[in-house]
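# Close look at the chain arrangement
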Amino acid sequence: MIYLQLFWEFFKTGLFAIGGGLATIPFLRDITLKYPWFTPEDLLDMIAISESTPGPMGVNSATYAGFHAAGLPGALAATFSLVLPSVIIIILVSRALTRFRDSKLVRDGFYGLRPASAGLIVGAMLEVFIASLFHTELWNGFSSITAVLNLPAIVFFLILSLAIWKLPKIHPVVFIAVGAACGILFQF
């Protein structure tokens, strides 16, 4: 039964997460609330690992989540079901696009998908940003503002932002490695 649930949830995610891996984050967050497969904290780890490993982030996240939920068969089910809608849609669109290549309706449809995918990506970015820099579970009104702030993470974010701005010649892998090291240090 868990394999069918994994298949269905990740099929829906693959079908509706237009715009790439970051667009899957709202769907993955909903899965954390619906099933005990992984926690919201696990989701943040999944995002960090998926962004720093080779391959598409959405596929890496699905593989991680499926493995976490049901081992290797779960990883295969989640990954396959996430990719399946894209494969089906690409086959259908490629057949239809040759006939309707010059259609204004088709061009406008693809143009209309841009803001939707951008919105999903910005929403996901804000969720990760807030979860990383603030302890929202501690919010009890404005009197608890200092408890909500994750000061080490905020300081690190500001220093890293300044470094990226002032040192643009440094390879992004260096920033990923520094971020991973700080993430490990902040756990203790």
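Here we summarise the structure given alongside this text. Being a predicted model, the structure only gives us computed values, none of them experimental.

The subject of this paragraph is helix α4 (residues 57-100). For α4, spanning 44 residues, the distance from its first C-alpha to its last is only 31 Å, which falls clearly below the expected 64 Å at 1.5 Å a residue. A bend of about 145 degrees at alanine 70 is the largest found in α4, and the proline proline 73 appears one to four places after it.

Mapping leucine 22 onto the fold places it in the loop between α1 (2-16) and α2 (25-34). As a C-alpha pair, leucine 22 and isoleucine 121 span 99 residues in sequence and 5.4 Å in three-dimensional space. Excluding anything up to four places from it in sequence, leucine 22 contacts Glu51, Met57, Leu120, Ile121 and Ala124.

On to the nonpolar core, then. Across soluble globular proteins, nonpolar side chains have a tendency to be buried as a group. In this structure, Phe10, Leu28, Ile31 and Phe38 are the most contacted members of the largest nonpolar core, which totals 18 residues. Looking at this core, the elements with two or more residues in it are α1, α2, α3 (40-52) and α4. Per-element accounting of this core gives the leading share, six residues, to α4. Among all residues touching phenylalanine 38, those that are not within four sequence positions of it are Leu28, Ile31, Thr32, Leu43, Met46, Ala65 and His68. Counting residues in each nonpolar core, the second largest holds five residues, with Phe156, Ala163, Phe175 and Cys182 among its members.

Turning to its location among the elements, alanine 48 is positioned in helix α3. C-alpha separation for the pair alanine 48 and tryptophan 139, spaced 91 residues apart in sequence, amounts to 25 Å.

Before going further, it helps to examine the packing of aromatic side chains. As enumerated under the stated definition, the model contains five aromatic pairs in all. Taking 4.2 Å as the distance between ring centres and 5 degrees as the angle between the ring planes, the aromatic pair formed by tyrosine 35 and tryptophan 37 counts as stacked. Relative to phenylalanine 157, the ring of phenylalanine 129 lies with its centre 5.2 Å away and its plane at 75 degrees, an arrangement referred to as edge-to-face. Residue phenylalanine 129 is located in helix α5 (residues 104-133), and its partner phenylalanine 157 is located in helix α7 (residues 151-166); the two are separated by 28 residues in the primary sequence. Assessed through its relative accessible area of 35%, phenylalanine 157 is described here as partly exposed. By way of ring pairs, the aromatic residues Phe7, Trp8, Phe11 and Phe80 are connected into one cluster.

Cut-offs applied
- Residues numbered from 1 in each chain as written.
- Predicted model: local features only at pLDDT ≥ 70, side-chain atom pairs only at ≥ 80, totals over all residues.
- Heavy atoms only, no water.
- Helix = DSSP H or I, 4+ residues; strand = E, 2+ residues; numbered from the N terminus.
- Expected span 1.5 Å × (residues − 1).
- Bend = angle between axes of the 7 residues up to and from the residue.
- Contact = heavy atoms within 4.5 Å.
- Core = buried A, V, L, I, M, F, W, Y, C linked by side-chain atoms within 4.5 Å.
- Buried < 20%, exposed > 50% of the residue type's maximum accessible area, 1.4 Å probe, protein only.
- Phe/Tyr/Trp six-rings, centres within 6.5 Å; stacked < 30°, edge-to-face > 60°.

Worth remembering: the numbers are spatial, not functional.
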